[in-house]
Amino acid sequence: MSSIDFTQALASGARSYDRHVGRWWVQRTSSAAHAEAYVNIARYVARHARKRSGLLVDYACGAGLLTRQLVAALPRWRFLGIDGSRAMLRFAEAWARRREPGSPAALEFRLAKLPDFALPMHKADLVVFAFPNIITGAGERRHFEKIYGKDSVLARLLAAKREQAGAHVLYDQLFMNRMIARNLRWLLRKGGLCVRVDYSQGSRHELERCDRVATVFEEGSLSAGQGGRKPEKFFDLLYARYYPSDVIRDVYEQTGDEDFLEGGYSVSLLRAI
Ligand SMILES: C[S@@+](CC[C@H](N)C(=O)[O-])C[C@H]1O[C@@H](n2cnc3c(N)ncnc32)[C@H](O)[C@@H]1O
């Protein structure tokens, strides 16, 4: 169990990954459970890549250990790893420099605070977003509320349905996760694929109805009207599968909640509409 106070550390923003949270993550990400998950995810992505070559974006790539497996699985592709932490990218660039000379895949890492709509639009064939922990602030939320007012209304409605006391915290989460999904869609060309990997404690169909609706709203695949308002659907959900894995202990270490001693991760495949 880590000695870091994550509530305090993450409250200092995305830069916390440049300090002790980053050191903790590098340690976690180097575990056998993560190594196995990254190989599994990369194989899954390669099976669905459909093309011999293209551009793959690893969104919030962190120390790049998944990127590394993706490069090995798709040697003819081009790769762009994006992250907001200089320390994480230094780590990723270090292994990229040590690659075999003549390794065919073109690989670039970029520093960016996500979600970022200044990134190239509709260029990627595949976007991978794994083990998310995107930290955003109230300023960004207010900025996006002005642009995506309809999403904000729907997020408020869904949050109020599920929670009384903590509705504003849930609203923040629903709204900003949807902004991230919009950013993933922004990067993809029409028909491009998004592979999301989320910490999970079971299959989607085991979720309660309201949690399922919240999940599909966040990821952009919800089409059913809510409270007389129709959400914009920008992804089709093609497939989702749950894998039991000790990676769930990342969540236990962050929260101290013993419920997260068991679980795994889910892989979802979405097509950009
Ligand atoms: C839990 S790690 C996951 C890393 C990687 N996807 C993996 O599976 O190994 C979360 C990553 O998100 C990055 N991150 C958090 N908030 C961010 C933000 N607002 N903008 C850009 N990156 C952010 C962190 O720097 C960290 O590398």
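Bear in mind that the values here come from a model prediction, so they are computed numbers and not experimental data. (Residues numbered from 1 in each chain as written. Predicted model: local features only at pLDDT ≥ 70, side-chain atom pairs only at ≥ 80, totals over all residues.)

Now for the site of the ligand. Lining the immediate surroundings of the ligand are 21 residues, of which Tyr17, Gly62, Gly84, Ser85 and Leu114 lie closest. For the shell around the ligand, the secondary structure elements donating two or more residues are α2 (20–29) and α4 (65–73). When the residues that make up the shell around the ligand are grouped by side-chain class, the tally is 13 nonpolar, six polar and two charged. (Near = placed C-beta within 6 Å. Helix = DSSP H or I, 4+ residues; strand = E, 2+ residues; numbered from the N terminus. Nonpolar A, V, L, I, M, F, W, Y, C, P; charged D, E, K, R; others polar.)

This part covers the pairing of strand β7 (residues 264–272). Bridge count between strand β5 (residues 188–200) and β7: eight bridges; the pairing is antiparallel. Of the residues in β7, the one forming a bridge with Leu193 is Arg271. Sheet topology places strand β6 (residues 235–244) next to β7; nine bridges connect them, and they run antiparallel. Pairing of Tyr243 across the sheet is with Tyr265, part of β7. (Pairing = 2+ DSSP bridges.)

Time to look at helix α9 (residues 209–219). Along an α-helix, residues three or four positions apart point the same way, because every turn accommodates 3.6 residues. Every buried residue of α9 is accounted for by Ala214, Thr215, Val216, Phe217, Glu218 and Glu219. Close packing links the buried residues of α9 with α7 (149–162), α8 (167–187), β5, β6 and β7. Note on α9: the residue one or two positions beyond its end, Gly220, has a positive phi of about 90 degrees. (Buried ≥ 20, exposed ≤ 12 C-beta atoms within 10 Å, placed from the backbone. Contact = placed C-beta atoms within 7 Å.)

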